[in-house]
Structure formats: C-alpha cells, structure tokens
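Chains, contacts and geometry: an overview
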Amino acid sequence: MASSAEVRVGEITGERGSGDPLPLHLVGGEGTVAIQLRTTVHRVSMGAGLAHRPALVDAVRALPGLPGLSLSSSGGTFAVGGPGWLGLAAMGVPPPQQRMRLDWMTDALQAWLEAALGPLGLRLERGRVEGAWCPGFSDVSVQGRKLIGLGFRVTRDWIAMRGVMPVRPIEAADHALLAACHRLIGLEVRADASTSLVQCTGDTRWTVEGAIDHLRRVRVEPG
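So, here's what we can say about the structure.

Parameters and conventions
- Residues numbered from 1 in each chain as written.
- Predicted model: local features only at pLDDT ≥ 70, side-chain atom pairs only at ≥ 80, totals over all residues.
- Heavy atoms only, no water.
- Helix = DSSP H or I, 4+ residues; strand = E, 2+ residues; numbered from the N terminus.
- Polar contact = N/O pair within 3.5 Å; in protein donor to acceptor, adjacent residues only side chain to side chain.
- Contact = heavy atoms within 4.5 Å.
- Phe/Tyr/Trp six-rings, centres within 6.5 Å; stacked < 30°, edge-to-face > 60°.
- Lys NZ or Arg CZ within 6 Å of the ring centre and 35° of its normal.
- Core = buried A, V, L, I, M, F, W, Y, C linked by side-chain atoms within 4.5 Å.
- Buried < 20%, exposed > 50% of the residue type's maximum accessible area, 1.4 Å probe, protein only.
- Pairing = 2+ DSSP bridges.

1. Quick word on the side chain of Arg162
- Within the fold, Arg162 resides in strand β10 (residues 159-166).
- Within the structure, Arg162 has its side chain in polar contact with the backbone oxygen of Pro21 (distance 2.8 Å).

2. Points about the environment of Glu130
- Here Glu130 is to be found in the loop between β7 (124-126) and β8 (140-142).
- Sequence separation between Glu130 and Trp112 is 18 residues, and the spatial gap between their C-alpha atoms is 24 Å.
- Among all residues touching Glu130, those that are not within four sequence positions of it are Arg190 and Ala193.

3. Considering the packing of aromatic side chains
- Following the criterion strictly, the structure yields two aromatic pairs and no others.
- The interplanar angle of 75° and the centroid separation of 5.5 Å between the aromatic rings of Trp85 and Trp133 together place this pair among those described as edge-to-face. On the criterion of sequence distance, the pair formed by Trp85 in strand β6 (residues 85-93) and Trp133 in the loop between β7 and β8 is long-range, its members being 48 residues apart.
- A cation over a ring is seen here: Lys146 above Trp133, with NZ or CZ 4.3 Å from the ring centre.

4. What about the nonpolar core?
- Counting residues in each nonpolar core, the largest one holds 39 residues, and the members touching the most others are Val33, Ile35, Leu86, Met105, Leu109, Trp112 and Ile148.
- With nine residues, helix α3 (residues 101-117) is the single largest residue contributor to this core.
- Of all hydrophobic cores here, the second largest spans 19 residues; its members include Val44, Leu50, Leu56 and Leu178.

5. Describing the pairing of β6
- Summarising burial for β6: nine of the nine residues are buried, a large majority.
- Along β6, one buried face is formed by Trp85, Gly87, Ala89, Met91 and Val93 and the opposite face, lined by Leu86, Leu88, Ala90 and Gly92, is buried too.
- Inspection of the sheet shows strand β2 (residues 32-39) paired to β6 by eight bridges, in the antiparallel sense. Pairing of Arg38 across the sheet is with Gly87, part of β6.
- Alignment of β6 against β10, held across eight bridges, turns out to be antiparallel. Along β10, the bridge assignment pairs Ala90 with Met161.

Written out as structure tokens, the structure is:
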C-alpha cells in the first residue's frame, strides 16, 4: 500500500507509572508521522470516551484481579499491557490541503505496518473484528483475527494514535480481564477472534524486545 506520508520510528521507550500520555514531543512537519514503540506495564487501558463515564470507571476499578487502570487520552474501549504486549503510538501532521485527515493517518499507519509485517508473510486487513478486544474500524487483522488495536485523537493541528499488539499469545488471565471489562459495555470478547505475532508467524521466538528491534528500522517514504 502506498503512503502519502513519511512514516518513521521516532522513539523507543517503556511505560512507567499509571499515566498514558501522548508523545506530543514527536509532532513533526506537515506530511509526517512519527512512531513510538514501547514496552508496556501490566494494566488495563480505558479509551477516552469511556473514561468520561464515572460509574463505568468505578465498575472497572472494582473488577477482581485488576492489575491497574490507565485512562487513555485517545479513543477505543479496553486494552491491556504487560510483558507480552507491544505498545504503539504515533503523532501525525496532515498536509493543510488534506480533507479526509483521519483516513490520511490510518492509510499512513497501514502502509508502515505492511512494510514491517509483510516481509514476515503476514497479509494485513483493516476493519472491525467482531468478538475481538477493543473492536473498531481501525482493527488490523490477519485471516480474520485481530492482531493490532489502534485508537485515535484528532485535533486541528495533529492526529494521535495509541495502540497495542500482542506479541506473545494472549494469556488466559488477560483474556478473562478483557472479557470482563467489555462485558460492562455490552460487548462479548472471544479468544478465537484475536491472534498474536507468535501465532501469526508460527515463530515462538518472538518477544516484545525482538519485535521492537524488527520494527525500529522500518521507514516509509511518500509516493
């Protein structure tokens, strides 16, 4: 897929504490998207729209076994982090003449992901995967199973993305936690609706650190 943006990795970092800040320092020039790759903390992340519902936040905090809660500044429902989960974020600045600004951002990210994961033999699809964790229009899937979840925040000057990808197969405890969170908003989460990098590639050697090392070198030029 061709990109109308320059997309590059701008930062590699690790989550700390309970905050979930956007990497505003990565905002670049017009027509650019800067990616942040990060290791993640074991906790639940709650999308910005849901986080404005105090009763729902309280219900999530009351879930048994909740390892921690982060209220995200971008869209989405619920995701988790931890040793098997790779965190992704991006800051994009659409050209001033760009009309479909969110489409510009999602297309740029799709081109970058295809450049990164296509050589591993993965054919990526975009669109809501029913039964997956944090289902939405920007789900990235392989053979109908969700691999990456992306949430967005759009302002006049920039577009932000925050997301996660399970590198290792999702553990039963994490799946149960995701199912319990989504049940609070009337959504079913099924284990067979999602996948991981290990499962997609059939290579059990993948780790978050190994995935970061692979992704850090990927760059997409406009054209």
